[in-house]
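The residues making up each chain are set out below.
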Amino acid sequence: MKILLCCTSIQDEHRSDDNEDSHYPLGLAYLQSYIEHHRPDKDEFRNLYLNNVDYETCYREVKKNLKEMDPDVFGVSIMTHSRVTAYRMIEYAHENYPNAKIVVGGMHVSVMWRQMVKKYPYIVAVRGEGETCFHDLIEAYDNETSLEDVKGIAYHNGEKIVVTAERDLIPDIDILPFPKHELFVKEGKTMANLLTSRGCPYKCNFCVLDHTSRRKVRFRSGENIADEVEMLLEKFPSINAIWIHDDAFMINKDRTIEFCDAIINRGIKTSFVASARFRPISPEVVRKMELAGFCHVLFGLESGADDVIRGMRKGITKQHVRYGMSLFANTTMRATAFLIAGLPGETDETIDETIEFVQEIQNIDYLYYEDIGISMIYPGTEMYTMARATGKINDDYWLTDADVPYYTAEHGGVHTYEKLLEMKERIEEGVALRFMLAPKGFLYQRKVIPSLIKYSLLHRMPESINDIVFSTLAHHPQLLKELIRGAIIGDTKAEITKELAKAFEHTLAEMVMKRANLTSETRRNVFISQCYAQECADDILLKAQKKHLEEIIYKLSDQDDQGDIAYDKNLRLPASLPSVMRTSK
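What counts and what doesn't
Residues numbered from 1 in each chain as written. Predicted model: local features only at pLDDT ≥ 70, side-chain atom pairs only at ≥ 80, totals over all residues. Heavy atoms only, no water. Axes fitted to C-alpha atoms, helices over the stretch in contact; angles between N-to-C directions. Helix = DSSP H or I, 4+ residues; strand = E, 2+ residues; numbered from the N terminus. Parallel < 35°, antiparallel > 145°, perpendicular 65-115°, else oblique. Left-handed = near helix turned anticlockwise from the far one by under 90°. Contact = heavy atoms within 4.5 Å. Buried < 20%, exposed > 50% of the residue type's maximum accessible area, 1.4 Å probe, protein only. Polar contact = N/O pair within 3.5 Å; in protein donor to acceptor, adjacent residues only side chain to side chain. Pairing = 2+ DSSP bridges. Right-handed = clockwise from strand over helix to strand, strands pointing away. Core = buried A, V, L, I, M, F, W, Y, C linked by side-chain atoms within 4.5 Å. Expected span 1.5 Å × (residues − 1).

Chemist: Can you lay out the packing of helix 11 (residues 318-328) against helix 12 (residues 348-364) for me, pointing to particular residues and giving the numbers?
Modeler: Helix 12 packs onto helix 11 with a crossing angle of 25° between their chain directions and a minimal axis gap of 8 Å. One finds that helix 11 runs roughly parallel with respect to helix 12. For helix 11 against helix 12, the interelement crossing comes out right-handed. Touching Lys318, Val321, Arg322, Met325 and Ser326 of helix 11 are Glu353, Phe357, Glu360, Ile361 and Ile364, all from helix 12.

Following this line, the structure appears as structure tokens:
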């Protein structure tokens, strides 16, 4: 059969400018690989990745490929952000290629399948995981058998919507052939994508993942993953980093260690980036990750306010975050902690709490921020259920051409969009580096300068900050000499970094005064006085935070937190653990 698969353009503000080295749709790569493996030489494929192109380019490419291929099956993967362009392509294909079978899948479809089949009675909607379902659907089309026997789909039979039996999740995902990376990894691309597990046991109020994963986690074996990594590096020599896109990487301690050991034992040399959780985490896990080549780990923090964190139900506390950051502070790995302004329960007070907490963990191990998110509403989430209950939004919204809405009062939230922007900007002023170059931001953030200096010696920084560091070192040649010596022997003494931080702060303060035009002696003296007062207040706060951190490290380092998901490496079929499993060593 001739099969055309695509994912269409997402709304403007969420598109990446770098379509050449951006993330790519592993879901479509898995679909084609699975079909080709189980139906060898039976099908002709085209696979289009169009998420990051503009609408007109998307329409043009899909129409061009439809005309050239005249497919038997047209498959569209749909996210909520891409639903508008997907609708247009579905309508166009049906009108101009009436004999083509139109199949839709993806997260948005898994939630809104009934609405979509009602709106477009000529489509078949795949509910949930796609590989085995799409394969059985293609078999049914090819053999002209009834769709009623294909589990996990919904379609209209001319009289009513038919919903077939639920399809089981694939229990052992090691059986899946590797995704067809070559569809999207072209010559010169430096980043490859990887999935080492599927699913997440939690149900965060802003997340919709449970509609496909059913809050179950399935792991690949370390050896199976290492096989794919070796294949990627051998097949695509330009690849120098691999981004792990698991729903909950690091969800189980033993499993993370098994993965790292497989990479280490084979001598695989590449860099890994992963989206992960702050819990469970341990010195052994962090040490293994660094040895395996992890260079950047991105955590979902979202908020630093206790009430908001509890409302999210992420299964973490601020103690877990502090402990995790203390472990990463002793490595060369870069940590990122995502933030979202305006989640349920957000107030001016919780914004203040978030700023204070993020600055606290920045002082443990610096977190670099350019931008933070604003809470949005997605169908299938608890937040959407809350918003819908107000009567200000309903399911009809998702059939419009409107962008995915922010969690505003207009759409059933609490705050106006202007207020959410204000909250976002307040957080950024407290934690984003660019604000440190203004007097208020400098005073606000000066306490994190020692951590910032350590970060700048390990990771790439904006040129403006590098210029200040170089200028500082130029005026303190002995510090430069000591830093070079430390880099050579692999041991930069803490007092050297501290001296550099003080010198950097003085250089930065002079630059801030110059940029703010504080040229008169009076204005300079006022700012300098504010700096001294802030330094005294910061010293008191930092001493208290240091003592608190020591207590947390002592407490959590004496616990063997395996996480909320058990892992049997012989079976690789995890089972939920009761609540939070914690036992003393």
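Chemist: Which residues make up the environment of Thr472, and what are the values?
Modeler: Mapped onto the elements, Thr472 comes out in helix 17 (residues 463-475). On the basis of relative accessibility, which here comes to 1%, the residue Thr472 falls in the buried class. Apart from the residues lying within four places of it in its own chain, the contact partners of Thr472 are Leu500, Ala503, Phe504 and Thr507. Reaching out from Thr472, the side chain makes a polar contact with the backbone oxygen of Ile468 at a distance of 2.7 Å.

Chemist: Tell me about the pairing of strand 12 (residues 271-276), and please be specific about residues and values.
Modeler: Across five bridges, strand 11 (residues 241-249) lies against strand 12 in parallel orientation. When the sheet's bridge partners are listed, Ile244 is paired in strand 12 with Ala274. In the classification by handedness, the crossover that spans strand 11, the intervening helix 8 (residues 253-265) and the parallel strand 12 is right-handed. Summarising the sheet, strand 12 and strand 13 (residues 294-302) pair through five bridges and their orientation is parallel. By the bridge assignment, Ala276 is partnered in strand 13 with Phe299. Tracing the backbone out of strand 12, into helix 9 (residues 283-292) and back to the parallel element strand 13 gives a crossover that is right-handed.

Chemist: Tell me about the sheet that holds strand 12, and name the residues and values.
Modeler: Pairing is parallel across the open sheet formed by six strands, whose spatial order is 8-11-12-13-14-15. In this open sheet, the two edge strands, each paired with only one partner strand, are strand 8 (191-194) and strand 15 (373-374). Against the sheet, helix 7 (residues 222-235) contacts strand 8, strand 11 and strand 12, and its axis sits at roughly 160° relative to strand 8. Here helix 8 sits on the sheet and contacts strand 11, strand 12 and strand 13; the angle it forms with strand 11, its principal contact strand, is near 165°.

Chemist: Describe the nonpolar core, with residues and values.
Modeler: With 117 residues, the main nonpolar core has Phe134, Phe259, Met289, Phe294, Leu301 and Tyr369 as its most contacted residues. Element by element, the count of residues in this core is highest for helix 1 (residues 26-38), at seven residues. Not counting residues up to four positions away in its chain, the partners in contact with Phe294 are Ile244, Phe249, Phe259, Cys260, Phe272, Ala274, Met289 and Met333.

Chemist: So what about helix 12? Which residues, and what values?
Modeler: Here helix 12 contains 17 residues, and its C-alpha end-to-end distance of 25 Å stays within 8% of the 24 Å for a straight helix at 1.5 Å per residue. Those residues of helix 12 that sit buried are Thr350, Ile351, Thr354, Ile355, Phe357, Val358, Gln359, Glu360, Ile361, Gln362 and Ile364.

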